[in-house]
Amino acid sequence: MEIPGGGRAPGLTAETFHTGDHLANARRQAEAGIDDMLVIDADAHVYEKESILEIIPLIEDPIVRQLARSAQGAARQAARFPLDRVAYHEVGGRIVRDILRRLETTPGEDAHRAAELALRAMDAMGIDVAALSPFGLQIMGLHPQPEVEAGVLGAYNRWLTERVLPASPRLLGWIMLPFSAPGDALRTVETYAGHPGIAGFQVTSLREKSVHDNAYMPVYAAIEETGLPIAFHGGTDWEDPLFRTVSRFMAVKALSQQWYNIVHCTNWVVNGMPERFPRMPVIWMDSGISWVPWLMMRIDNEYRMRSSECPSLTRLPGEYMREMYYTSNPVEMPDREDALAAAYRAIDAPNSLIYASNYPASDMDLPGAVANLPILADADKRRILGGTARRLFRLPETVAAGYMRDG
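Residues numbered from 1 in each chain as written. Predicted model: local features only at pLDDT ≥ 70, side-chain atom pairs only at ≥ 80, totals over all residues. Heavy atoms only, no water.

Caption draft 1: Layout of the pattern of salt bridges. Applying the stated criterion to the full structure yields 17 salt bridges. The closest approach of N and O atoms between Arg-158 and Glu-162, which form a salt bridge, is 3.2 Å. On the criterion of helical spacing, the pair formed by Arg-158 and Glu-162 is a turn pair, its members being four residues apart in helix 7 (residues 146–164). Judged by relative accessible area, which is 45%, Glu-162 ranks as partly exposed. Between Asp-378 and Arg-382 there is a salt bridge whose closest N-O contact spans 2.9 Å. Pair noted here: Asp-378 and Arg-382 are both in helix 17 (residues 378–392), with a separation of four residues, about one helical turn. Here the residues in one salt-bridge network are Asp-36, Asp-378 and Arg-382, joined through shared partners. (Salt bridge = Lys/Arg side-chain N within 4 Å of Asp/Glu carboxyl O. Helix = DSSP H or I, 4+ residues; strand = E, 2+ residues; numbered from the N terminus. Buried < 20%, exposed > 50% of the residue type's maximum accessible area, 1.4 Å probe, protein only.)

Quick look at the structure:
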């Protein structure tokens, strides 16, 4: 069966699907100017759902483990039509890699399948190191039972660190924090502090509990001691009562993907978290950057009129935000280049922006999305594509362009 639209790549069929062939244009772009740069992908997604039968047995709580097993059958039999779970992310089935990668063959000897597929994509895109995040589990912050989030994310962390990351030093992992259960989140940090191959600690932003809640202060203190960053990962939820009023998925994606990080970032700043944990790098992921200058202006304006409400702050809120970090995806491309340049100046992009592909999601960005921006100097592109992430992830200077790709 030929892949729809595969006429641009003769001979590309479902039966012979290969990530490297699928990303042939990305490889040509890398060879045209990316391969001489260090590229670190701060947010590449591993499709953990393809390995769910490996992950479920790793759930420690026997009740949660049994619930997870039974959920596999319930999911297949469900009559409910989840609006943002079916077809829309793949543009009605026109983006085929999510489906066809299940048919892709891998050696299955030395490297785990998830690792092999990640490395194939990295080689095609010219990416030297990638930090892996889960895909479907980003919804776990909305689960009503904290013990379920803790059990499932705990099993995922074990699966990632024990079975996927050992395949290559080019693979890093984000440790997922079960934030609905602060005690379990703290134990997670303590368990993985100092573990090799860890990029940092990630929280899915799809949740309703405030990030400045006192229950999280021990968690933040423990992360700060590791020297690694905490990252808040944006997400889309059409089932949120607010976003149910929006009639098109593309509009939900545009708003929801940013909204949760907007709220959490506001709470983070106005409640003085940057003053309380000044040595902990904070990254806002998978929500672009267009919201950041807007939020800076809004809360700076309000702060000037009522700074008494934020007694812990010693500077304008926007100044703290300028010292945080933001992943590039999606690279927003306004019609006016000067608008993008103004946004990059507002956030001090050369020092705050970190490249992220978001592969294999539908709105992925190749490294060229950053490398080809005319508003950036060459030195700035190199920091965004790899230099800043190498420092944040505490990688040695030996991690450079072409890292390990020569075999």
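Caption draft 2: Molecular detail of helix 12 (residues 291–305). If you check helix 12, its first and last C-alpha atoms are 22 Å apart, about what 15 residues at 1.5 Å a residue would give, namely 21 Å. Of the surrounding elements, those touching the buried residues of helix 12 are helix 10 (249–270), strand 6 (282–285), helix 13 (317–322), strand 7 (325–327) and helix 14 (337–346). (Expected span 1.5 Å × (residues − 1). Contact = heavy atoms within 4.5 Å.)

Caption draft 3: Spotlight on the sheet that holds strand 7. Read across the sheet, eight strands follow the order 1-2-3-4-5-6-7-8 without closing on themselves; strand pairing throughout is parallel. Since the sheet does not close on itself, it has two edges, and those belong to strand 1 (40–46) and strand 8 (353–354), each with one partner. Helix-sheet contacts for helix 7 involve strand 1, strand 2 (129–134), strand 3 (171–176) and strand 4 (198–204), and the interaxial angle to strand 3 is about 165 degrees. (Pairing = 2+ DSSP bridges. Axes fitted to C-alpha atoms, helices over the stretch in contact; angles between N-to-C directions.)

Caption draft 4: Summary view of the packing of helix 10 against helix 12. Relative orientation of the contacting elements helix 10 and helix 12 amounts to 40 degrees, with a least axis distance of 11 Å. Relative to helix 12, helix 10 is oriented oblique. In this structure, helix 10 meets helix 12 at a crossing whose hand is right-handed. Touching Gln-258, Asn-261, Ile-262, Cys-265, Thr-266 and Val-269 of helix 10 are Trp-291, Trp-294, Leu-295 and Ile-299, all from helix 12. (Parallel < 35°, antiparallel > 145°, perpendicular 65-115°, else oblique. Left-handed = near helix turned anticlockwise from the far one by under 90°.)

Geometric descriptors of this kind do not, in isolation, establish any biological role.
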